[in-house]
Amino acid sequence: MHRRTSVLAILALALVHFFILPSGTASAAGPYERGPDPTSASVDATRGPFAIASTTVSRLSASGFGGGTIYYPTSTAEGTFGAVAISPGYTASQSSIAWLGPRIASQGFVVITIDTNSIYDQPSSRGTQLLAALDHLTLRSTVRTRIDSTRLSVMGHSMGGGGSLEAAEDRPTLQAAIPLTGWNTDKTWSGNRVPTLVVGAENDTIAPVSSHSIPFYTSLSATYEKAYLELNNAGHSAPNSPNTTIARYSISWLKRFVDNDTRYEQFICGTGAGVSTAISDYRATCPLI
Ligand code: 856
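Everything numeric here is computed off the predicted structure, so don't read it as measured data.

1. Details of the overall build of the protein chain
Phase 1: Looking only at helices and strands, one finds eight helices and eleven strands in the protein chain.
Phase 2: For a compact globule of 289 residues, the expected C-alpha radius of gyration is about 19 Å, and the protein chain comes in at 19 Å, within 12% of that figure.
Phase 3: Per-residue burial over the protein chain gives 52% buried out of 289 residues.
Phase 4: In the protein chain, of all internal contacts separated by at least 6 residues, the share reaching a separation of at least 24 is 68%.
Phase 5: As displayed, the protein chain offers around 12,200 Å² of accessible surface, 56% of which is attributable to carbon and sulfur atoms.
Phase 6: On the protein chain, the mean spot of the 20 positive side-chain charges and the mean spot of the 20 negative ones are 9 Å from each other.

Right, here's the structure in full:
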């Protein structure tokens, strides 16, 4: 190749991988960033930019949890993805939190919604089962090669949310935890080092924010990233159907802490963060530590 042509080719290649800043210096995008630059509309959307597929994990094939459904981006063009395991609440099955599977996977995560061994399992057991589901994802699942096993996270509803706090405290290498209207008799989570977004519902009478989500949030160490999102006028079952506010803040939290994607910080700590008629309270460790 002519020297002038090869210089141009190298410049063009560099531009694919680097952003040119106003200062004239170039900086690499985070290596785990996936998908296009987000917008307020894209974090609210019912589907993200990735095409997805799903595969079933039968109860018989599962070890340490009750089986589930894996939702995953079909593309392998951007490398591996972070992963999320999600537990339902007391007496509920994965169907109760199914909407979160495709909603989060289409933003660029491998997601497993689980059934628990028993629908009566308590939060500590649900925490252990979330970790077993992550182990299944990374070690045994048919999609294991699509997953970055160093970038894992947990979510759950009610007793499943209480379980997500248990899982985070038990496995501090997790990158994010999101209890959704979480329920747990344990209100002391100062030992949790995992960036945690606590989502409460203002009118919840099963896990009242005054005795669950707010004490959870307050007990978390300010040494680690945390946020409290309270859904205005909402009840305990808000996480059981598609909810734009839950999606927006959960996706942003997972992107920021599982993918180390600072493009999403605007939705956690920007001027508009927590400002909505759908939000009755919002607190976070802003600016992020
Ligand atoms: C949907 C958690 C004393 O505790 C309760 O009454 C209670 C009820 C329900 C849940 C829960 O996980 O609900 C999610 O089943 C605690």
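Further notes follow.
2. Description of the packing of helix α4 (residues 123-140) against helix α5 (residues 159-170)
Phase 1: At a closest axis distance of 7 Å, the pairing of α4 and α5 adopts a crossing angle of 60°. Crossing of α4 against α5: the hand is right-handed. When α4 is examined against α5, the residues Pro123, Ser124, Arg126, Gly127, Leu130 and Leu131 are found in contact with a partner set consisting of Met159, Gly160, Gly162, Gly163, Ser164, Glu166, Ala167 and Asp170.
Phase 2: Here the contact of α4 with α5 is built from residues that sort into five nonpolar, six polar and three charged.

3. Focus: unusual backbone geometry
Phase 1: Cis geometry marks the peptide bond from Cys286 to Pro287, where omega comes out at -10°.
Phase 2: Here Pro287 lies in the segment after β11 (279-284).
Phase 3: Non-glycine residue Asn233 carries a positive phi angle of around 60°.
Phase 4: Turning to its location among the elements, Asn233 is positioned in the loop between β10 (226-231) and α7 (244-258).
Phase 5: Of note in this structure, Asn260 is not a glycine but carries a positive phi near 55°.
Phase 6: For Asn260, the location among the structural elements is in the loop between α7 and α8 (265-269).

4. Quick notes on the nonpolar core
Phase 1: Within the largest apolar cluster, 38 residues are counted, with the highest numbers of intra-cluster contacts made by Ile104, Met155 and Leu254.
Phase 2: If near-sequence neighbours (up to four positions away) are discounted, Leu254 is found in contact with Val84, Ile104, Phe109, Ser153, Met155, Ala176, Ile178 and Asp259.

5. Structural notes on the site of the ligand
Phase 1: Around the ligand sit Gly89, Tyr90, Thr91, His157, Ser158, Met159, Trp183, Ile206 and His236, and those are all the residues in its vicinity.
Phase 2: Here an oxygen atom of the ligand sits 3.2 Å away from a polar atom, N or O, in the side chain of His236.
Phase 3: Notes on the ligand: free accessible area 410 Å², of which the protein chains cover 65%.
Phase 4: Taken together, the residues of the shell around the ligand sort by class into four nonpolar, five polar and no charged.

Definitions and cut-offs
- Residues numbered from 1 in each chain as written.
- Predicted model: local features only at pLDDT ≥ 70, side-chain atom pairs only at ≥ 80, totals over all residues.
- Heavy atoms only, no water.
- Helix = DSSP H or I, 4+ residues; strand = E, 2+ residues; numbered from the N terminus.
- Rg over C-alpha atoms; globule rule 2.2 N^0.38 Å.
- Buried < 20%, exposed > 50% of the residue type's maximum accessible area, 1.4 Å probe, protein only.
- Contact = heavy atoms within 4.5 Å.
- Areas by Shrake-Rupley, 256 points an atom, 1.4 Å probe, with all protein chains shown as cover.
- Lys, Arg positive; Asp, Glu negative; His and termini not counted.
- Charge placed at Lys NZ, Arg CZ, Asp CG, Glu CD.
- Axes fitted to C-alpha atoms, helices over the stretch in contact; angles between N-to-C directions.
- Left-handed = near helix turned anticlockwise from the far one by under 90°.
- Nonpolar A, V, L, I, M, F, W, Y, C, P; charged D, E, K, R; others polar.
- Core = buried A, V, L, I, M, F, W, Y, C linked by side-chain atoms within 4.5 Å.
- Near = heavy atom within 4 Å.
- Polar contact = N/O pair within 3.5 Å; in protein donor to acceptor, adjacent residues only side chain to side chain.

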